[in-house]
Amino acid sequence: LRAERVKPRVWAVEGTPVDCVYFALQKFLPRRPDLLISGMNPGPNLGQQDINYSGTVAGAIQGTFLGIPSMAVSLLPDAGGEYDLSAAAEGVRLIAADILAGGLPPGTALNVNIPPLPAKGVKITRLGWKFYDPEIIEKTDPRNSSYYWIGTGTPRRVGDAGTDVMAAHDGFISLTPLHTDMTAHQDLGSAKLRRLARALGKRA
């Protein structure tokens, strides 16, 4: 990986948001930060699929792993496909001030999605679902090499008004707490897993 000093106190890291967090904490920052903000990302990070793919969210999760109050911030475009970063920044400032004053629960990162402002309000949400078009479109460039488009079209939103995908689509700022423990605790004692354990134990 390469890191470039853009100007005093500003670095650019060749890599993922998680790499940026790691470099900042291990190499560049003079002290441990009080707050980590990953983003603002132009484009939403909503629903189960986005959360698992998102580099923006992963940056916040990495900060949470390291015990730093962390949030990921993503924006939805307006009708013209534009993102108003300056207007969204004021909302982020208010959230940041509250986190600095009161912190976040242990092991929890905050995923923030901001619609075009002014928003209708704020909702505390759970993750919904977004189903993307599975088609892969193959094209050929002027050098006769293939390239591909994936995730085209508008994803299908699934969830009720209490989910992040619906709240943000309806014009609300969505605040979704994300926990670093991805264990499916309800399945730890399931009969199926016990059967698998017994079958493996006989082969061990």
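Note that the structure is a prediction, hence the values are computed from the model and not measured.

**Structural notes on the sheet that holds strand E4 (residues 70–75)**
Taken together, five strands build an open sheet; the order of strands is E3-E4-E5-E11-E6 and the sheet is mixed. The two strands at the open ends of the sheet, each matched to only one other strand, are strand E3 (36–42) and strand E6 (121–124). If you compare each strand with its neighbour and ignore which way they point, the axes differ by 20° on average. Here strand E5 (residues 108–114) pairs with strand E11 (residues 172–179) via six bridges, running antiparallel. Paired with Val 112 across the bridge in E11 is Leu 175.

**Overview of the packing of helix H1 (residues 17–28) against helix H3 (residues 55–65)**
Between H1 and H3, the least distance of the axes is 7 Å, while the angle of their chain directions is 30°. If you check the angle between H1 and H3, you find them roughly parallel. Helix-helix and strand crossings are classified by hand; for H1 and H3 the assignment is right-handed. Seen from H1, the contacting residues are Pro 17, Val 18, Val 21 and Tyr 22; seen from H3, they are Gly 55, Thr 56, Ala 58, Gly 59, Gln 62 and Gly 63. The class makeup of the residues in the contact of H1 with H3 is five nonpolar, five polar and no charged.

Calculation rules
- Residues numbered from 1 in each chain as written.
- Predicted model: local features only at pLDDT ≥ 70, side-chain atom pairs only at ≥ 80, totals over all residues.
- Heavy atoms only, no water.
- Pairing = 2+ DSSP bridges.
- Helix = DSSP H or I, 4+ residues; strand = E, 2+ residues; numbered from the N terminus.
- Axes fitted to C-alpha atoms, helices over the stretch in contact; angles between N-to-C directions.
- Parallel < 35°, antiparallel > 145°, perpendicular 65-115°, else oblique.
- Left-handed = near helix turned anticlockwise from the far one by under 90°.
- Contact = heavy atoms within 4.5 Å.
- Nonpolar A, V, L, I, M, F, W, Y, C, P; charged D, E, K, R; others polar.

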